[in-house]
Structures are given as C-alpha cells and as structure tokens.
Amino acid sequence: MDSTLSSRNLIRTRRQADGRAAPKGQQTKAAIVDKALEMAAQVGLEGISIGALAEAMGMSKSGVFAHFGSRDELQISVVREYYARFERDVFEPAMQLPRGLPRLRALFDQWMRVTTTELDSGCIFISGAVEFDDRPGPVRDALAEAVGAWMEAMVRAVAQAKAEGHLQGDVDERQVTFEIHALILALHYEARFMQRPGTVERAQRGFNNILARYGAELPSPAPAPARR
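Structural notes, computed from the coordinates. (Residues numbered from 1 in each chain as written. Predicted model: local features only at pLDDT ≥ 70, side-chain atom pairs only at ≥ 80, totals over all residues. Heavy atoms only, no water.)

The calculated volume of the second largest pocket comes to roughly 290 Å³. Contributing to the lining of the second largest pocket are 20 residues, with Phe 125, Ile 126, Ala 129, Val 147 and His 181 lying nearest its centre. Elements represented by at least two residues in the lining of the second largest pocket include exactly α4 (71-94), α5 (101-117), α6 (124-132), α7 (138-163) and α8 (173-193). Among the elements that line the lining of the second largest pocket, the one with the most residues is α7, at 6 residues. In terms of residue class, the lining of the second largest pocket is made up of 15 nonpolar, 3 polar and 2 charged. (1 Å grid on protein atoms, 1.4 Å probe; cavity = no way out; pocket = protein on both sides within 12 Å on 5 of 7 lines; lining within 4 Å. Points joined across faces, edges and corners; volume = space filled by probe spheres on them. Helix = DSSP H or I, 4+ residues; strand = E, 2+ residues; numbered from the N terminus. Nonpolar A, V, L, I, M, F, W, Y, C, P; charged D, E, K, R; others polar.)

So, on to α6. Within α6, burial applies to Ile 124, Phe 125, Gly 128, Glu 131 and Phe 132. Projected down its long axis, α6 carries its buried residues within an arc of 125°, all on one side. Among the structural elements, α1 (24-43), α4 and α7 are those in contact with the buried residues of α6. (Buried < 20%, exposed > 50% of the residue type's maximum accessible area, 1.4 Å probe, protein only. Arc of directions from axis to C-beta. Contact = heavy atoms within 4.5 Å.)

Turning to unusual backbone geometry, a few remarks are in order. Phi at Gln 195 is positive, roughly 55°, even though this residue is not glycine. Relative to the elements of secondary structure, Gln 195 occurs in the loop between α8 and α9 (199-214).

Now for the packing of aromatic side chains. Evaluated as defined, the whole model comprises 6 aromatic pairs. Ring plane angle 80° and centroid distance 4.9 Å describe the contact between Tyr 82 and Phe 125, whose orientation is recorded as edge-to-face. Placement of Tyr 82 in helix α4 and of Phe 125 in helix α6 is noted, with a sequence separation of 43 residues between them. The pair formed by Tyr 82 and Phe 125 is uniform in burial state, with each residue classed as buried. Here a set of aromatic residues connected by ring pairs shows up, and it is made of Tyr 82, Phe 86, Trp 111, Phe 125 and Trp 150. (Phe/Tyr/Trp six-rings, centres within 6.5 Å; stacked < 30°, edge-to-face > 60°.)

For the coordinates displayed, the defined rule picks out 10 salt bridges. A salt bridge links Arg 85 to Asp 34, with the nearest nitrogen and oxygen atoms 2.3 Å apart. Here Asp 34 lies in helix α1 and Arg 85 lies in helix α4, a separation of 51 residues in the sequence. Overall, the relative accessible area of 26% leaves Arg 85 in the partly exposed class. (Salt bridge = Lys/Arg side-chain N within 4 Å of Asp/Glu carboxyl O.)

There is a patch of nonpolar side chains on the surface, built from Tyr 189, Phe 193 and Met 194 and spanning about 340 Å² of accessible area. Of note, Tyr 189 is situated in helix α8. (Patch = residues over 30% accessible without salt bridge, like charges linked within 9 Å, V, L, I, M, F, W, Y side chains within 5 Å. Areas by Shrake-Rupley, 256 points an atom, 1.4 Å probe, with all protein chains shown as cover.)

Right, here's the structure in full:
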C-alpha cells in the first residue's frame, strides 16, 4: 500500500528485521500497546488511561508513560497497531489472488469477516471516527490516515477490476468504493447496535448487487471444437 501507515513503513516492535528478538524495551512497549488495543476495543480510544494501563500491566504510571511520552502518542500507537493487524488480516491475503473480481471479492469478504468478529468489541476505525470527528489533532490525523489508506487500497482494487474488464469501463471507482464501504458501516450498525439477524447475508447480497450493477458484459467462452 502507498500510505505511510503501510506495514512496510510501520515500526515492527515485536521483532527486528533480521529476525532477532526485539530489545526488552520494545517488547514491553508492544505488550502495553496490545493491552491498550484490548481496552480501546471495549471503551474506545478516549477510554484508554495511563493509570488503567499501568494497573493492568503491573507497572507504575511513570513506567508506562516513559514508553510513549504522551497520551496522544499512546493512542496513535494503538491506531497504528490496529491498522497493521487489519492490513495483515484483510489486505495481505487478498493480494495472493489475481487482480480483478477475485481480489476485490476477497477484500470485501475478509473485511466483512473482520467486522463480524469485532461485533462484541467494536471497530476502532468506526468508534474512533465518532470520538474524533470534530476533534482536530494528531490522533484524529492518524485515524484519518489509516482509514484513508484502506479506502485508497479499495479504490485501486476496483480500478484493477475495471482494467481487467470485470467492471464497466466508465465505472467511477470511488463511487463503487463508497457503496462498498456503506455496506460495512450498515453491517456494523445493524448487527452491533440494532442486533438484527441476517445482516451478514444482507451485506453479501448488497455486494453482489453492486457487482451486478457495475459489472461488464463479459464475452461468453468460445464453444469447444466438436469431437470427431
């Protein structure tokens, strides 16, 4: 992915590039981020506190604070870790498939799967947008950058499907991405807040409807030669 939040540019705190174990300080910081991410899934990014983290980690407040320098940096680290996991679970598996509809379908399917597994805890991208939509600052910027990077990946996948002839040549890839994103938001709202059954099936049907509406009329395969 082209964003600066891509995993190629994220600092991997769990291990060094040469495969050796990360220094103890990095391991401790990674463990703190893990715990903070777990908290954020339940109470949101704003619900993370240095004190609660210190208690959960069995550390002093100053010990936790020393790894980040500020609460904003702690929250940004959580956003980046969440994005890295999202990229690993959704983007990277889809990249193993051919360009076009196979890859686009995989991106949506994996995105929907991650969304459904987070229904009990909540999606930081969605809850964070509610928390920080009117609060400018570095945490909001990190959230917007992460979501924007993912949306651009979807736009590229739609554009590739168009280039492969799987979608109509005049398709607006940003419009298609907008409609796909809307399905995910509706899935989260209907299933998590309204607790309505059948939302996953409705989301899948909606995605199929999008493909049918924007799909290209692919030529039928040539008939096999008659056997003698």
